[in-house]
Amino acid sequence: MGAAGGGVGGKLRRIGVAERRARLALRQRLAVAARAARPEEVADSLVALHGTDPATVYLAVGARLADAGKTVAEVDRALYEVRTLVRMHGMRHTVFVFPTELAAVVHASTGLAIAAKARAGLIKDMATGSDGRLTEEWLAQVEASALAALARRGQATVNELTRDEPRLKEQFTYGAGKSYESPQTVSSRLMRVLGVEGRVVRGRPMGSWTSSQFRWAVAPPHPELPAAEAQSEMLRRWLAACGPATEADLKWWTGWKVTEVRRALASVGAVAVSLDDGVTGYVTDGDLEPVAGPSSPWAALLPGLDPTAMGWQERDWYLTPSLRPVLFDGSGNVGPTVWWDGRVVGGWAQRGDGEVVWRLLDPEGLGRDARDAISEEAARLQAWLGTTRVTPRFRTPLERELSSG
């Protein structure tokens, strides 16, 4: 596929589990010495923060800030005041928080194809479900009016927009005659399509930082990039943060076709390396030098959908397969995890009174130092959460059990 091989005499440089965990500790800002001063540094290091569950953004940042007590204020500042971070659709039709400077890259590399399908689907469903009453031309008029109203307001809820543009309240039947037949409102589908198209973004939540109900805002302008160029830049940044990674990892994380992954790997001059069991991985050009781990072991309590826990499709090097049934839900969403020195060793949750509780799932080999460090991290998390109660959007077996105890 055109990527170079790294090594001497044609033999690929080997990057084993220990070095992969060292890279993870430093580049994912999980080791104490690698913690960041601001949320922007965290987002830049991770490329993207999962935003499907709004609380994940704050919890993922808080786990990586030197001063976790500033988490909520600093993330709010970055998202809603200076707008150095933006919440938008990205890979795999999923909502993420990105550095604002990456908006054009994300949109062109992953959003355009998804957006075209989403709009075509809306037009088809709308026309079919209204017996032809709601047409593509009608939709164009309504969305132009809605976007103008949103620009005037700055930020608005869907209900506020429907007062400015009542046609947004029009309904059509989705899946007529099917078991899943249901009424849908133009407003809900249209705002999702505009979001995927990069024309609107989610603004401030309607409640606290844990709320999943957001206002909408017109997306800040950004240049239109060629898709191949944007894919190369996205892959380069992700490999710098998460390499080495396999083709399967890259295809899963980006949601691209394998041909697009291979083209981008060749474009950035990615270098092939050998992982465990003879699997081939890739790093960016110039990233072959050995990476030593942090000076001391580290502990972390990461939230459900954390970008590190969800960063790779092939996870055996940091997650024992036997732990998956209790740490993941049935759709493959990871719950809250406890980490020790580069691997998942347990899970955590909050009880009804807000107390942070945790459990080790493979205590063999974990000594007093590990338990003390994990306990300190739990206390650090408890301190900045205060009385806030966070329930993950995707519940997992261990999280349910711990939270009800």
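Quick caveat: nothing in here was measured; it's all calculated off a predicted structure.

The rules we used
Residues numbered from 1 in each chain as written. Predicted model: local features only at pLDDT ≥ 70, side-chain atom pairs only at ≥ 80, totals over all residues. Heavy atoms only, no water. Helix = DSSP H or I, 4+ residues; strand = E, 2+ residues; numbered from the N terminus. Contact = heavy atoms within 4.5 Å. Phe/Tyr/Trp six-rings, centres within 6.5 Å; stacked < 30°, edge-to-face > 60°. Buried < 20%, exposed > 50% of the residue type's maximum accessible area, 1.4 Å probe, protein only. Pairing = 2+ DSSP bridges. Axes fitted to C-alpha atoms, helices over the stretch in contact; angles between N-to-C directions. Salt bridge = Lys/Arg side-chain N within 4 Å of Asp/Glu carboxyl O.

Of note, Glu260 is situated in helix α11 (residues 258-267). As for Glu260 and Tyr180, which are separated by 80 residues in sequence, their C-alpha atoms are 34 Å apart.

Once that is clear, we can look at the environment of Ala245. Assignment of secondary structure puts Ala245 in the loop between α9 (227-242) and α10 (247-254). Considering only alpha carbons, one finds Ala245 and Arg153, 92 residues apart in sequence, at a separation of 44 Å. Residues contacting Ala245, with those up to four places away along its chain left out, are Arg20, Trp238, Leu239, Gly281, Tyr282 and Trp312.

Inspection of every chain in the model, using the stated rule, returns 11 aromatic pairs. When the centroid spacing of 5.8 Å and the interplanar angle of 35 degrees are considered together, the rings of Trp209 and Trp384 count as tilted. Of this pair, Trp209 sits in the loop between β9 (200-205) and β10 (214-218) while Trp384 is found in helix α13 (residues 368-385), placing the two residues 175 residues apart along the sequence. On the basis of relative accessible area, Trp384 is assigned to the buried category, the value being 14%. Judged by centre distance (6.5 Å) and plane angle (55 degrees), the rings of Trp238 and Trp312 are tilted.

A sheet is described by the order of its strands in space; here 3 strands give the open sequence β4-β6-β5, paired in antiparallel fashion. Two strands close off the open sheet at either side, each with one partner strand: β4 (49-50) and β5 (85-89). Where β5 and strand β6 (residues 95-99) come together, 5 bridges link them in antiparallel fashion. Following the sheet pairing, Arg87 is matched in β6 by Val97. The strands touched by helix α4 (residues 71-81) are β5 and β6; relative to β5, the strand with the most contacts, the crossing angle is about 70 degrees.

The next point concerns the pattern of salt bridges. This model, assessed by the stated rule, comprises 32 salt bridges. The closest approach of N and O atoms between Asp287 and Arg27, which form a salt bridge, is 2.8 Å. In this pair, Asp287 sits in the loop between β12 (280-283) and β13 (299-302) while Arg27 sits in helix α1 (residues 17-27), placing the two residues 260 residues apart along the sequence. With a closest N to O distance of 3.0 Å, Arg77 and Glu74 form a salt bridge.

With that settled, the discussion passes to α4. Of all 11 residues making up α4, 8 are buried, and the element is well covered by its neighbours. For α4, the set of buried residues is Thr71, Glu74, Val75, Asp76, Arg77, Ala78, Leu79 and Tyr80. Note on α4: the residue one or two positions beyond its end, Arg83, has a positive phi of about 55 degrees.

Attention shifts here to unusual backbone geometry. In this structure, Pro244 follows Gly243 across a cis peptide bond, with omega equal to 5 degrees. By secondary structure assignment, the location of Pro244 is in the loop between α9 and α10. A positive phi angle is found at Arg83, which is not glycine, with a value near 55 degrees. Tracing the chain through its elements places Arg83 in the loop between α4 and β5.

Another aspect to go through is the sheet that holds β13. The strand order across the open sheet formed by 4 strands is β13-β14-β15-β16, and the pairing between neighbours is antiparallel. Looking at strand neighbours, the two that pair on one side only are β13 and β16 (356-360), the edges of this open sheet. The average angle at which neighbouring strand axes cross in this sheet is 30 degrees, direction not considered. As paired strands, strand β14 (residues 337-340) and strand β15 (residues 343-350) are joined by 4 bridges and run antiparallel to one another. Paired with Trp340 across the strands is Arg343, a residue of β15. Packed on one face of the sheet, α13 meets β13, β14, β15 and β16 and runs near 155 degrees to β16.

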